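Examining the three-dimensional arrangement
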Amino acid sequence: MAPYPATAFISDQLKTLPEAPTVDLTGRTVIVTGGNAGLGYECAKKLAFMNPAKLIIACRSISKGQEAAGSIKEAADGNCQPEVWQLDLADMKQTLSFGQKCLDELDRLDIFLSNAGISPMGKNEKDMAESGYELTLQVNNISNTLLCHQLLPLMQKTAQLPPPSASLTNFKPHLTIVASDRHYSISQIPQTEPILRTMSDISLPGNRYEETKAINLLNAIPLAELAGESVIVNTCSPGWCYSGLIRNLQFPLKYIHRIPMAILARTGEQGSRCIIWATISDVPNGSYCDTMEVREPSDYVISEEGKTTASKLYKEMKDIWKTAGYIATD
Ligand SMILES: NC(=O)c1ccc[n+]([C@@H]2O[C@H](COP(=O)([O-])OP(=O)(O)OC[C@H]3O[C@@H](n4cnc5c(N)ncnc54)[C@H](OP(=O)(O)O)[C@@H]3O)[C@@H](O)[C@H]2O)c1
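Let us look at the structure shown here. Just so it is clear, the model here is predicted, and its values are computed rather than measured. (Residues numbered from 1 in each chain as written. Predicted model: local features only at pLDDT ≥ 70, side-chain atom pairs only at ≥ 80, totals over all residues. Heavy atoms only, no water.)

1. What to know about the overall build of the protein chain
Defined as follows: Every helix listed is a DSSP run of H or I at least four residues long, and every strand listed is a run of E at least two residues long, numbered separately from the N terminus. Between the two quantities, the radius of gyration covers C-alpha atoms and the globule rule is 2.2 Å times the number of residues to the power 0.38. Per-residue accessibility, obtained with a 1.4 Å probe over protein chains only, is compared with the maximum for each type, and a residue is labelled buried under 20%, exposed over 50%, and partly exposed between these values. Any two residues having at least one pair of non-hydrogen atoms within 4.5 Å are treated as being in contact. Each accessible area is a Shrake-Rupley estimate made with a 1.4 Å probe; only the visible protein chains count as cover when residues are assessed. Only four residue types enter the tally: Lys and Arg on the positive side, Asp and Glu on the negative side, with His and both chain ends excluded. Positions of charges follow a simple convention, taking NZ of Lys, CZ of Arg, CG of Asp or CD of Glu.
The secondary structure content of the protein chain amounts to 12 helices and 8 strands. For 330 residues, the compact-globule estimate of 2.2 N^0.38 gives 20 Å, and the C-alpha radius of gyration of the protein chain, at 19 Å, lies within 12% of that figure. The dimensions of the protein chain, computed from C-alpha atoms along their principal axes, are 55 × 45 × 40 Å. Out of the 330 residues in the protein chain, the part that is buried amounts to 53%. By sequence separation, contacts in the protein chain at least 24 residues apart represent 79% of the contacts at least 6 residues apart. If you sum the accessible surface of the protein chain, you get close to 14300 Å²; carbon and sulfur atoms cover 53% of it. Computing the positive centroid from 30 side-chain charges and the negative centroid from 36, the protein chain places the two 3 Å apart.

What follows is the structure, given as structure tokens:
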């Protein structure tokens with residue numbers, strides 16, 4: 001495993017992070033999934049200050065999205081009015097409709113920040129999505145990657161357009177998937193094929209959240225290959241941050257957790273600096289970004305076994321997407 005021992009984690013968490021970089025997004029279009037809460041909200045707020053022509057908060061609750069959009073508009077002194085579009089990644093058909101709406105209504109897409117995610121951490125029972133796949137896999141991986149795949153051609157088209165105004169510098173479209181440094185703890189995901197069906201057996205032990213975050217990195221491999229030279233596909237970790245992610249933690253863990261969190265956790269705003277860094281920096285296509293720098297992912301992700309598993313997962317997902325009516329030919 002690429003070294004990420006506890007000492008490195010602690011040292012990262014205690015670092016004073018610089019402010020997030022900024023770029024002029026005048027005339028450009030940005031989507032943040034899960035932009036209504038937690039890290040996604042903090043990222044959407046930072047992006048609003050960069051003056052995009054269109055900032056879309058994609059979220060499953062329109063009312064929560066509108067509340068967030070109102071706060072962001074106020075913070076940006078009315079200079080950005082985010083739109084709120086419905087997206088429930090637990091529902092593959094709705095995910096597909098969201099993607100189609102983007103293709104129908106947007107003439108460009110400069111940043112797709114795939115941030116929304118869930119953790120079953122602390123839940124005694126895992127939930128199943130309507131598709132028959134375990135919910136965390138459905139939301140964090142199957143639907144998430146479907147949307148990335150669907151939107152990539154629009155981003156490639158955007159890359160061919162001239163900058164929205166002559167005074168603006170070129171900006172390569174970025175498709176950034178929010179993963180986690182927790183992926184380093186996974187040395188292998190289950191190998192029995194079909195893998196996603198095996199992993200949907202809710203009696204199977206395993207660190208499901210960490211596994212889905214490792215799969216985020218594996219899924220980025222074929223996406224980066226498809227993106228070619230014109231779009232930057234990358235993954236990132238915001239570090240350990242306060243957010244709603246651990247809302248399922250139960251007594252006594254819920255309280256025990258608070259002690260290391262108080263010492264080590266970043267605020268959502270601090271975590272969002274790392275995500276924003278990944279989503280506007282000129283980093284190599286396919287890279288993994290953590291604590292505002294490009295880092296080597298785990299040995300598993302970059303191993304031959306990891307790459308083979310990435311191909312298998314991609315093939316399985318294409319078959320699953322087909323059941324919702326999406327045919328991925330490449
Ligand atoms: N916090 C951390 O320490 C940490 C560390 C590493 C990585 N991350 C990653 O950061 C990302 C954001 O998480 P967070 O920490 O900000 O957690 P959060 O506060 O729970 O926010 C998660 C966001 O995802 C949305 N979401 C959940 N299920 C969804 C679904 N089915 N369809 C559409 N949106 C859905 C949530 O919407 P609702 O408001 O409707 O629930 C919310 O907007 C996740 O990918 C997470 O894995 C977090």
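Further notes follow.
2. Re the sheet that holds strand 1 (residues 29–33)
Our working rule: At least two DSSP bridges between two strands are required for those strands to pair. Each axis is a line fitted through C-alpha atoms, taken for helices only over the stretch in contact, and angles between the N-to-C directions span 0 to 180 degrees.
Judged by pairing direction, the sheet is mixed, and its 8 strands sit side by side in the order 3-2-1-4-5-6-7-8 without closing on themselves. Two strands lie at the open edges of the sheet, namely strand 3 (83–86) and strand 8 (293–295), each paired on one side alone. Mean inter-strand twist for the sheet, computed between neighbouring axes without regard to direction, equals 25°. Sheet analysis places strand 7 (residues 288–290) next to strand 8, joined by 3 bridges and oriented antiparallel. Paired with C289 across the two strands is V294, which belongs to strand 8. Set on the sheet, helix 5 (residues 135–160) makes contact with strand 1, strand 4 (111–114), strand 5 (174–178) and strand 6 (232–237); between it and strand 4 the angle comes to about 175°.

3. Details of the site of the ligand
Rule in force here: Throughout, the term near means that a residue has one or more heavy atoms lying within 4 Å of the molecule or strand in question.
Neighbouring the ligand are 29 residues; N36, R60, Y209, S243 and R247 lie closest to it. In isolation the ligand has 880 Å² of accessible area, and contact with the protein removes 96% of it. The set of elements that each furnish at least two residues to the shell around the ligand consists of helix 2 (38–48) and helix 7 (208–227).

4. Here we look at the environment of K54
Position of K54 among the secondary structure elements: in strand 2 (residues 54–59). The spacing of K54 and T26 is 28 residues in sequence and 9.1 Å in space, taken between C-alpha atoms. The residues contacting K54, other than those within four sequence positions of it, are R28, T29, V30, E83 and L106.

5. Some remarks on the pattern of salt bridges
Worth spelling out the cut-off: Whenever Lys or Arg places a side-chain nitrogen within 4 Å of a carboxyl oxygen from Asp or Glu, that contact is recorded as a salt bridge.
In total, this model carries 16 salt bridges according to the counting rule given. Notably, a salt bridge pairs R108 with D110, separated by 2.9 Å at the nearest N-O pair. Taken as a pair, R108 and D110 share a single burial class, namely buried. The closest approach of N and O atoms between E293 and R295, which form a salt bridge, is 2.9 Å. For R295, a relative accessible area of 16% puts it in the buried group. Connected via shared salt-bridge partners are D12, K15, D290, E293 and R295.

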